[in-house]
Amino acid sequence: MPSIAEQLSGVLGDAFASLELPRELGRVTPSKQNPERFPFQCNGAMPAAKQAGKPPREIAQAVLDRISGDALIEKAEIAGPGFINLLPAGAAINARAAEIASDDRAGAPQVSEPRKVMIDFGGPNVAKPMHVGHLRSSVLGDSLQRLFRFRGDTVISDIHLGDWGLQMGHLITELEEEQPDLPYFDAAITDGYPSEPPVDIEDLARLYPQASKKAKEDADRLAKSRRATAELQAGRAGYRALLRHFIDVSVAALKKDFGDLGVQFDLWKGESDVNDLIDGLVADFKARGVAEESEGAWVVRVARDGDKKELAPLILVTSEGSSLYGTTDLATILDRKQTVGPDLTLYVVDLAQSDHFEQVFRAADKAGLAPEGSLEHVKFGTVNGTDGKRLRTRDGGTFRLADLIASAIERADERLKEAGLAEDVGAEEHDRVARMVGLAAIKFADLQNYRTTNYVFDLDRFTSFEGKTGPYLLYAAVRVKSLMRRAAEAGVEPGPISAEAAEERDLVLALDAFGAALEQACENRAPNAICDHAFTLAQAFSKFYSACPILSAGTDAVKRSRLALAEATLKQLELCLGLLGLEAPERM
Ligand code: ARG
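Note that the coordinates shown come from a computational prediction; the quantities given were computed from them, not determined experimentally.

Caption draft 1: Spatial organisation of the UniProt feature "domain: Arginyl tRNA synthetase N-terminal" (unreviewed entry) in the protein chain. Under the UniProt annotation, "domain: Arginyl tRNA synthetase N-terminal" (unreviewed entry) lies at residues 2-88. The span residues 2-88 shows a helical share of 40% and a strand share of 22%, and its end C-alpha atoms are spaced 14 Å apart.

Caption draft 2: Structural detail: the domain arrangement of the protein chain. Here the protein chain is described as being made up of domain 1 (4-88), domain 2 (113-266 + 326-377) and domain 3 (401-579). On a C-alpha basis, the centroid separation for the pair domain 1 and domain 3 is 34 Å. At the junction of the two partners, domain 1 supplies 5 residues and domain 3 supplies 5 residues. A per-class count over the side of domain 1 that touches domain 3 returns 4 nonpolar, no polar and 1 charged.

Caption draft 3: The arrangement of unusual backbone geometry in detail. The backbone phi angle of A106 is positive, close to 50°, even though this residue is not glycine. Inspection of the secondary structure puts A106 in the loop between helix 4 (90-102) and strand 5 (116-120). For A106, a count of 21 C-beta atoms within 10 Å gives the class buried. Not every positive phi belongs to a glycine, and E295 is a case in point at roughly 50°. Looking at E295, the number of C-beta atoms within 10 Å reads 6, which means it is exposed.

Caption draft 4: How the structure looks around the site of the ligand. Near the ligand you find D120, G123, N125, H160, G162, D329, Y347 and V349, and these make up its full shell. Within the shell around the ligand, the residues separate by chemical class into 2 nonpolar, 4 polar and 2 charged.

Caption draft 5: Examining the UniProt feature "domain: DALR anticodon binding" (unreviewed entry) in the protein chain more closely. According to UniProt, the positions carrying the feature "domain: DALR anticodon binding" (unreviewed entry) are residues 473-588. With 71% helix and 0% strand, residues 473-588 has its two end C-alpha atoms placed 12 Å apart.

Caption draft 6: Spotlight on the sheet that holds strand 1 (residues 28-30). One open sheet accounts for 4 strands, arranged 1-2-4-3; its pairing is antiparallel. Edge positions in the sheet fall to strand 1 and strand 3 (73-79), since each of these pairs with one other strand and no more. For this sheet, the mean angle separating the axes of adjacent strands, direction not counted, is 30°. Direction of pairing for strand 1 relative to strand 2 (residues 40-42): antiparallel, over a ladder of 3 bridges. Note that in strand 2 the partner of P30 across the bridge is F40. Helix 1 (residues 4-18) rests against strand 1, strand 2, strand 3 and strand 4 (83-88) of the sheet, and its axis sits at about 150° to strand 1.

Calculation criteria
- Residues numbered from 1 in each chain as written.
- Predicted model: local features only at pLDDT ≥ 70, side-chain atom pairs only at ≥ 80, totals over all residues.
- UniProt positions renumbered as here; feature names shortened; annotations may be inferred.
- Helix = DSSP H or I, 4+ residues; strand = E, 2+ residues; numbered from the N terminus.
- Domains from an automatic or database assignment.
- Contact = placed C-beta atoms within 7 Å.
- Nonpolar A, V, L, I, M, F, W, Y, C, P; charged D, E, K, R; others polar.
- Buried ≥ 20, exposed ≤ 12 C-beta atoms within 10 Å, placed from the backbone.
- Near = placed C-beta within 6 Å.
- Pairing = 2+ DSSP bridges.
- Axes fitted to C-alpha atoms, helices over the stretch in contact; angles between N-to-C directions.

Structure representation (structure tokens):
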């Protein structure tokens, strides 16, 4: 069954069509003006008036005449210049409520033609610690994969590790300086390397910044890392063996970090996985004239007439023979085409990389690898400190993801104690709740802004149980859960829904808007629509809960109807939380 707004749009669309006006003008949307009396409105009479050359109120009246008596509509009225205000019939509201209550998807539609959607997100780099940018990508990308999957598409998520660039050369050369006797550095040795990794994750975290610092101060040191990178890429056996160790050690640590964050990937591929495709791709680009030689390097020219800003050519192979970030991205597009065949690929990456993706997408289009429009850069803004600048640690470094999460959980723990929550659940359960609240705080704070908006990292605000926050929503769900338990103890079961009070009706209408929010979130690749929806729903429930007693209602029928409404709300709220990657505890 379509939503009430869609059903009304159908009736109004018919009316417009019968007046020989475009059906789309009958589109009905929730109304902001006077939602208590008329929760919906249609604004089609104004554009229709322009087309028909008649006053808008006259058209609105003609539409009204045609819809009068329709079982779906209780009352309709013309307002102002020609707005059509609508109140749906009680029976229609109850029928929709019954459907939402009995549907596993709580009223959310599913796409009729599923697509294969590849989502490239997270993108941590081997050896470099993850920072807030990776947090945004992970939280946003994970929510998007949940949204598209829920909508019915086939989603393949890929972490796309950064494991092929200069940082690998840095690691190799730095390790050689520390432990020159390891077999990996002797070009004469080509196999039989130890299976135990020569480093652990702490070593990697130390080696990279050490080397990168030296390289900044010393051109020879930088040249050495560059050479090692080129030799690694060319296939030097010892370096390849080291790379395998570096990746394995990093991936093990990352799997733990992402697991703690509740973020999952289908593929743990990286830049290095497409190495074998690069030579063929480059040869093909050269042969077909897609790539051109330029000062010893091979480039793809991607600038176009009419560009507002000059877009530099994409460098495919440097004059030293190395491939770069753009090369691996192109080879990855080829790999995905051969192994997955996605209809759409979303890259959830910082908007600072806009030019990079523009270059890659244009080059992919030029080479016939992927048509324009099938690759999309889902951009996001920065996370700032209270000073309005990019979030930094006190000593000016980039924030580590793990520290950020730890501080959110710590603050959540304090908040729970302040609010007297999760006290009698036992220490272990208390810690689990603090985790859920802390993660909900940072994830929701990130997702509730439209993605390109920069926002200020403010744990005090994020962890509050009041206002539009993750913890508020978890608490809202926990309250309904506890109500459901009390109802079960009292032997009350959900029954047929009959929404009589205004608060009951408004709650059904809030539930009814889920599908539209889902569609908007997927369309804009922006989960903030679901954040807004979940918050509106929680508020509608809270109004309903204080105005309409449930277990102490006058009759059994009313008790059971209200309980069914509460149950439907909980189901939909939990679905929303799930789409945002949040989880509500049973109690807190
Ligand atoms: N590793 C990159 C970084 O940290 C992000 C990778 C994004 N994905 C891609 N296909 N380029 O900046």
